Amino acid sequence: MCGIAGIISPNPSLVELPLLKKMADILAHRGPDGEGFWINKKNTAGLAHRRLSVIDLTPAAAQPMRYLDRYSIVYNGEIYNYPELKKDLQKAGYSFASASDTEVLLAAYDCYHERCVQYLDGMFSFAIWDEKQQTLFMARDRFGEKPFYYHNSKDAFYFASEMKALWAIGIEKTAEHKMLLNYLSLGNVQNPSNKAATFFKNILSLPPAHYAI
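Scoring rules and cut-offs
Residues numbered from 1 in each chain as written. Predicted model: local features only at pLDDT ≥ 70, side-chain atom pairs only at ≥ 80, totals over all residues. Heavy atoms only, no water. Helix = DSSP H or I, 4+ residues; strand = E, 2+ residues; numbered from the N terminus. Polar contact = N/O pair within 3.5 Å; in protein donor to acceptor, adjacent residues only side chain to side chain. Contact = heavy atoms within 4.5 Å. Pairing = 2+ DSSP bridges. Buried < 20%, exposed > 50% of the residue type's maximum accessible area, 1.4 Å probe, protein only. Arc of directions from axis to C-beta. Axes fitted to C-alpha atoms, helices over the stretch in contact; angles between N-to-C directions. Parallel < 35°, antiparallel > 145°, perpendicular 65-115°, else oblique. Left-handed = near helix turned anticlockwise from the far one by under 90°. Salt bridge = Lys/Arg side-chain N within 4 Å of Asp/Glu carboxyl O.

Description of the side chain of Ser98
Relative to the helices and strands, Ser98 is located in the loop between α2 (82-91) and α3 (101-112). Within polar-contact distance, the side chain of Ser98 engages the side chain of Ser100 at 2.8 Å.

Here it is as structure tokens:
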């Protein structure tokens, strides 16, 4: 279990290290083994990570991880078939500087793009910033074992492993009354017609088995 968070905005003043630090601090319980931050040169994309070391315990596996001087990732979870996937990618010409599944995930994205999720066996939520394309690719595992929440406004896109990381930087708690009614009357914790909905109007969840760009 790790903690991930990020801010994407065309307004450089909104992508600040203190905000990323606030988000990471709230997620400290998810990753007691370290923290990391990355902001691109344009100050339009920032990532934060709280690390729980599992596979590669060395600094080479620290996140946010950069790859090919193009991609940056924050990732929570474990890719069970990463050794097999790594061998296939090595045959395709990719090389690796760590023993982590994170680097394999980055190479898989470079090789297969959004189709990379079809090759992944595991539990995961992650976000990859492509500096060349200026896009953020996000994905969540098939059963939704790893959480991914986000808030999208006209000025910025924010995401995190837990809602309270979003609240920590000032995103308001506005109740979603339809969700509350469904829960109180039927016991539903999800909206069957909108699986992205949460109990808060301005915070959504990336549904299981989905990706977004």
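Focus: the environment of Ala212
If you trace the backbone, Ala212 turns up in strand β11 (residues 211-212). When the C-alpha atoms of Ala212 and Leu136 are compared, they prove to be 8.1 Å apart, with 76 residues separating the residues in sequence. In this view, Ala212 contacts Leu136, Phe137, Met138 and Leu206; residues no more than four positions away in its chain are not counted.

With respect to the sheet that holds strand β1 (residues 3-8)
Read from one edge of the open sheet, 6 strands run β2-β3-β1-β9-β8-β10, paired in antiparallel fashion. Two strands bound the open sheet, and with one partner strand each, they are β2 (34-39) and β10 (204-205). The pairing of strand β8 (residues 149-152) with strand β9 (residues 157-160) spans 4 bridges and is antiparallel. Paired with Tyr149 across the strands is Ala160, a residue of β9.

Things to note about helix α1 (residues 17-26)
For α1, every residue scored as buried is listed here: Leu19, Leu20, Met23 and Ala24. Projected down its long axis, α1 shows its buried positions confined to an angular sector of 135°, all on one face. Along its buried surface, α1 packs onto β1, β2, β3 (45-51), β9 and α4 (163-167).

Comments concerning the packing of α2 against α3
Two numbers describe how α2 lies on α3: the axes approach to 10 Å, and their chain directions differ by 45°. Considering the angle they form, α2 stands oblique to α3. Crossing angle aside, the handedness with which α2 passes α3 is left-handed. Contacts between α2 and α3 involve Tyr82, Leu85, Lys86 and Leu89 from the former and Asp101, Val104, Ala107, Ala108, Cys111 and Tyr112 from the latter.

Regarding the pattern of salt bridges
For the structure shown, the criterion picks out 7 salt bridges. Here Asp25 ties to Lys21 by a salt bridge, and the two come within 2.9 Å at their closest N and O atoms. Taken together, the positions of Asp25 and Lys21, both in helix α1 and 4 residues apart, correspond to about one turn of that helix. Given a relative accessible area of 39%, Asp25 falls into the partly exposed group. Looking at Lys21, the relative accessible area reads 31%, which means it is partly exposed. Note that Glu35 and Lys21 form a salt bridge whose closest N and O atoms lie 3.8 Å from each other. With Glu35 in strand β2 and Lys21 in helix α1, this pair connects stretches of sequence that are 14 residues apart.

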